[in-house]
Amino acid sequence: MLFPWQLQDWQRLNAERARLPNAWLFIGPAGTGKLEFALHLAQSLLCEQLQADYQPCGHCKGCRWFEHGTHPDFRRLSPQTDDEEEGKEAKPGRKLPLIKIEAVRQVIEFAHLTAHRAGQRIVVVEPAENLNPAAANALLKILEEPPQDVLFLLVAQAAQRLLPTIRSRCRQFPLSAPSPAQALDWLRQQGVSNAEAELAHNGGAPLFDHDPVLAKLRSQFIDGLGQPTFASILNLAELVDKQKLPLAIPLGWLGKWLHDLAGLSLAGIVRYHPEQQAVLQQLVLRCDPVALMRCQDALQQLAPFGQHTLNTRLQLEALLMDYLKIFAGGRQG
Amino acid sequence: MSYQVLARKWRPKRFADLVGQEHVVRALSNALNEERLHHAYLLTGTRGVGKTTIARILAKSLNCETGTTAEPCGECSACRQIDAGRFVDLLEIDAASNTGIDNIREVLENAQYAPTSGRFKVYIIDEVHMLSKSAFNAMLKTLEEPPAHVKFILATTDPQKVPVTVLSRCLQFSLRNMTPQQVAGHLAHVLEVEQQSFEPAALALLGRAAAGSMRDALSLLDQAIAYGMGEVREEGVRAMLGAVDRRYLFVLLDALAAADGPRLMAEAEQLAQRGIGFDSVLAEMAVLLQQLAMAQTVPAAIADDEPEREALFALASLIAPQDVQLYYQIAIHGRKDLALAPDEHAGFNMTLLRMLAFHPAHAQPDSVAAPRSNTAAAATRPAPVAMPAQPDAGVDGSAAARALLAGLGNRKPASRPAAQEPGTAADAEPEPAAPAPLAAPAPAQPVTPAVSAVSAVAVAPAEPVVTAPAPAVIAQAAPSVAADDDERDDEDETELDNTAPWDETEAEEAMPAYAMAEESTAVDAAPYQFDGDWGGLVTQLGTRLGASRMLAHNAVLKGWSQSRLELAVPDSFRHMATRDYQEKLKTALAEQFGHTVELVVTIEELGLETPAMQGARHRQEQLAQARICLENDPVIQQLVRDMGATLIAETIQPVQEL
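Per an unreviewed UniProt entry, chain B is named DNA polymerase III subunit gamma/tau, and its organism is Aquitalea palustris. Turning to chain B, the UniProt record has this under Catalytic activity (unreviewed entry): "DNA(n) + a 2'-deoxyribonucleoside 5'-triphosphate = DNA(n+1) + diphosphate". Check the Function (unreviewed entry) section of the UniProt entry for chain B; it says "DNA polymerase III is a complex, multichain enzyme responsible for most of the replicative synthesis in bacteria. This DNA polymerase also exhibits 3' to 5' exonuclease activity."

Going by an unreviewed UniProt entry, chain A carries the name DNA polymerase III subunit delta and comes from Aquitalea palustris.

Laid out in C-alpha cells, this is it:
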C-alpha cells in the first residue's frame, strides 16, 4: 500500500528501475510509512502481471502469496520475526528488539538459493538500525555482491546510525514526509477522532497506534503536568503505575511536554501540545530554564531503561520531583 | 544481464586500474617481481578504499598462468575464474558471518592439501575483525607457518579489534583515504566511459561528500545519475546531498549568539524540511565550534585560505570563549541524546534550547558572566605567563576595577607593562567571572559582526568613552591597547591579526590583576618584604599554594625572619604537615620571597587563630550581619506582620565577596 504523500517518491523510484542497485536504503522520519513503501516496492518487484505505473496487480500468484506473507522469494529481516516463530506475542518490548546474526545467516543462505518463481528475490531489512553489530557486519559481504537477482531493501530512520560500511554499500533513497495538511487529511479519512491534537502530539508523523485508552490516559497525564503540585504529581505516578505501562510511555509524554515548555519559554514554539498553549503559557512564567534542563537530563538518563523492569512508580515519582523543581525556583527567588 | 551498480562494475581488475594506494601497490609489485612474498598480508583502511580489490588482484597475480607477476594477464582461465568468483583455489571467507572457531577450523583443515589447479591456495578472509577470540587463536599457528602453497590475505576496517598476535604474524598495509581530487578524477573517467554527461563541479561535490571512500563516491554517483535522470548536474547533486555548505550553521550560531529563540527554531524547522540529518548537523556544529575556539585562542592556526574565514572571525567575536566551550559540550552530548528523544527533530530542538537556556541572556546573573558584546583586542604578543596573576590579592576587586575604570575613562594612557598584563591574567585565571557589579546585562553591540578584529581596534577608540557601565567596559579595554599600539605605531598591522580576543569578563578579571601587575612590577624591583602577616601572605599566595594550601591555612606563625619561618600546626591537622606538603609550601614561598626560605613546621597547639579560623570567623560575622539586615528589612517585616510569613533563618547566606 502506498500513502498519498508517497506518490511522488514512487515516480522517482520508478525512474531508477532501469538501474537497480544491490541494495536500496530508504530513509525518513518515523511514522511516515517507510516500511509500507518498501513492502509495496517488494510486491511490485515480485508481481507477475505488473499494472501501469509499476503497480502490483494484487491477484496474480505472486501478489497473493506476498499478501499472505508466504512468498518463497521474499524475506523480511525484522526484530519481531523470531518472536513470531516462537508463536507467542512477546510483551511489548521487555528487551531491546534487535536483529541477531542467526537471522542474517538464514538470509544469506536464502540469497544463495535460486528463485522459486524465476524472478527477483527480495530481502527487506527493517529497521536497519536494529541490526546488532555482529549482524550488521555479517550482512556486509552479501550486501556488496549479492547473487544475481537479489535485491536488498533497507529501511532506516537515520543513515548516520548505520555502520559506515553498510551505508557505503547501499544506494540511499530519502523518502519524503507528508506535509501537515496531507497528514491531517489522511488521518481524517481514517476516521481518527481529534486528529489535529493527535497529529501534533506525534510530531506530525501520521502513522501511530490509535489507542483511545492510552489517549485518555495521556490527556490525564498532561493535565496533571499542567498543575505541578506535590499531590498531583504523586497521583500521576500512581495513575501510570496502575495501567502497568512500561516506563517508556510516560517518559515520552514528559519528554514532549518538557520540549514544549522549553520551546515556549525560550523560543516561543509549541510543537506537541498546541491545544495546551494557555496552560503552558502560565507555567512558563514560573519556569526556571536551568532546572528544566536538569529535569531533561534526568529524563534522558532514564530513557534507555524505558522497557526495563525498573519500578515504574518509583522512577516516575523521582523524575516528577525534578519536574516540580522547575517551578520551585521561581517562587523562592 | 541486469544492471550492475557502478561500484561493482568498476571494481579494478589490475593494479594499474587502482586509484591511489601507490605505496601498497609498489610494495606488492616489487615483492611479486622478486618473488619475495610474505605468506600473510593484512589490508586495513576505511570503507571503500580497495582492501578486497587489492586482495583479489593479488590472488590473481599469484595464480596467473603466465607466472607470478605484478601484471596478471586477465585472460588465462585462472584470471577469468577469479574475476568470476569461482576459482577453486581462492577461498574468500566472510569472517563476519562465519565468526566461530568451527568455521575457521574447517578452513584450516583444508590448508594442508595442495592447490587443485593454481600455484597457490589463497585465503582471503574479509571483515576479519569480527572473528571470535578463539577463532583468531585457532588461526595463529597456521598463520605463522603455513605450508608453502598457502597465502593468507586478511582485510578489515578495524585493525584495533585484531589481536596483536595476529597482527605480528602479518605484513600490514594500511590503505589511505582517497583525496576528493582523486575521487572526482576517477568519477570523471567512469562517466566518460559510461557516456553520461556531467559537470565537473558536481563531481567535486561528490568527491567531498564521499569522505575518502571510492565506493561511497560510486554509490553516490549511481544515486546522482538516477536523481538527474541520466545527467550529473551540479544543481541536482547539491539538492541530493542536502547541506553541502555550512552556511546554515552560521545562521544557527548567529541566532544563538543573539539569543533569538524563534529564529533558531525556524532555522531548525527549515533543516528538517530540507531533510538534513540532525545528527550530522550537530557533528558539523561541533566542528565549527572547535574552529571558533581556535579562532579565539590561536587565531594564527586558522588557515588564510579557509573559505569561511571572515564569517568565522565575525562569529568568534560574538560568542564568549567559555560559551563556545559550553556549546561544544552541549552539541557533543546532544548527539548522544538524539537517539533517546521522542523524535530527532525534538532532540535537536532540545539541544538548541539547552544552549539557549545556558545563554548569558537567560542564565541567572550570578551564575554566568554577562554577554560579551565586542572583541576588543588585548595584548598582541602571545605573552608567556611571566608572573601569574593573583586573583584574590586582598583587594576588593570591584572597587579596584571601578577605580581603574574611572582612571581609564579619563584616557590616562596605561603604562606598557600594565597593558600587556590583562592577556596574561586571563590565561592564568580561566574560570568564569566574579560576580562583579560591572557585568553588563544587556548586550551592547557597537561593532557589527562583519567587522573583523582589526577594525574593531580601529573603531573602539573612536567610540565615546562613556561612564555608563556597559559600554565603558568595552571602551576601557580598547584604549589600553590603543595606547600600546600608538607606541609601536611603526610595527606592521599583521600582528594585530593575531590578537587574542578577550571579553569584558576577562576585562573585569584583569582589573584586579592589573592592579596587581603594577604592584608586582614594584615588587620585582625590590625583594619581597615579609611583615609577619601570615594570613595576608597566604591569601596573596592564593592558588599558587596548590595542595599545600590546607597546611598553610591551618598553620600559625610561631616565629619568623626574612629567611626562616616557623609554623605550628594543631594536632588535628597533623596529616597535613607531611614532608611533601611542606616542600610545596616552601617552593611557593621561595617564589614569593625571591630566595629560598627555611621552613620549620612543628605540631603543637598554640591557641592562636589560623587563617582558616580567621576565614570562618569572617563568615560567621557576615552571616550574623546578613541576618540582622534581613530581620530589620522593612519589606520583610511587613511580610511577617501582614501575611504571617516566617523568615527561615538558617537559609540565609551572606554574599561571598572576593
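Draft legend 1. Here's a closer look at the interface of chain A and chain B. Across the boundary between the two partners, chain A contributes 55 residues, which contact 53 residues of chain B. It is Arg19, Lys141 and Leu266 of chain A that lose the most area in chain A upon contact with chain B, and together they represent 16% of the buried surface on that side. Residues Glu145 of chain A and Arg11 of chain B are paired through a salt bridge, measuring 3.1 Å at the closest nitrogen-oxygen approach. Scanning the region where chain A abuts chain B turns up 24 residue pairs in polar contact (both at pLDDT 80 or more). When contributions to the side of chain A that touches chain B are tallied by element, the ones reaching two or more residues are α1 (7–15), α5 (101–112), α6 (133–144), α7 (164–167), β5 (171–174), α12 (248–266) and α14 (289–302) of chain A. Per-element tally for the side of chain A that touches chain B: the top contributor is α12 of chain A, with 8 residues.

Draft legend 2. Fine view of the packing of helix α14 (residues 278–297) of chain B against helix α16 (residues 321–338) of chain B. Residue and element names in this part refer to chain B. Interaxial distance between α14 and α16 falls to 9 Å at its minimum, and their mutual angle equals 160°. Here α16 runs roughly antiparallel to α14, going by the angle between their axes. By crossing handedness, the relation of α14 to α16 is classed as left-handed. Contact residues: Phe278, Asp279, Leu282, Ala283, Ala286, Leu289, Gln290, Leu292, Ala293 and Gln296 in α14; Pro321, Val324, Gln325, Tyr327, Tyr328, Ala331, Ile332, Gly334, Arg335 and Leu338 in α16.

Draft legend 3. A look at the packing of aromatic side chains. The tally for this structure, following the rule as stated, stands at 14 aromatic pairs over all chains. Aromatic pair Phe26 of chain A and Phe173 of chain A: ring centres 5.6 Å apart, planes at 70°, arrangement edge-to-face. You can see Phe26 of chain A sitting in strand β1 (residues 23–27) and its partner Phe173 of chain A sitting in strand β5, a full 147 residues away along the chain. Residue classification places Phe26 of chain A among the buried positions, given a relative accessible area of 0%. By relative accessible area, Phe173 of chain A is classed as buried at 1%. Aromatic side chains Phe278 of chain B and Phe348 of chain B sit 4.6 Å apart centroid to centroid with 20° between the ring planes, which places their arrangement in the stacked category. Taken together, the residues Phe278 of chain B in helix α14 and Phe348 of chain B in helix α17 (residues 344–357) connect sequence positions 70 residues apart. We classify Phe278 of chain B as buried; its relative accessible area is 5%. For Phe348 of chain B, a relative accessible area of 0% gives the class buried. Pairwise contacts between aromatic rings join Trp10, Trp24, Phe26, Phe37 and Phe173 of chain A into one cluster. One residue, Arg12 of chain A, lies across the ring of Phe173 of chain A, its end atom 4.4 Å from the ring centre.

Scoring rules and cut-offs
- Residues numbered from 1 in each chain as written.
- Chains lettered and ligands numbered in written order.
- Predicted model: local features only at pLDDT ≥ 70, side-chain atom pairs only at ≥ 80, totals over all residues.
- Heavy atoms only, no water.
- UniProt positions renumbered as here; feature names shortened; annotations may be inferred.
- Contact = heavy atoms within 4.5 Å.
- Buried area = accessible area lost by both parts, 1.4 Å probe.
- Salt bridge = Lys/Arg side-chain N within 4 Å of Asp/Glu carboxyl O.
- Polar contact = N/O pair within 3.5 Å; in protein donor to acceptor, adjacent residues only side chain to side chain.
- Helix = DSSP H or I, 4+ residues; strand = E, 2+ residues; numbered from the N terminus.
- Axes fitted to C-alpha atoms, helices over the stretch in contact; angles between N-to-C directions.
- Parallel < 35°, antiparallel > 145°, perpendicular 65-115°, else oblique.
- Left-handed = near helix turned anticlockwise from the far one by under 90°.
- Phe/Tyr/Trp six-rings, centres within 6.5 Å; stacked < 30°, edge-to-face > 60°.
- Buried < 20%, exposed > 50% of the residue type's maximum accessible area, 1.4 Å probe, protein only.
- Lys NZ or Arg CZ within 6 Å of the ring centre and 35° of its normal.

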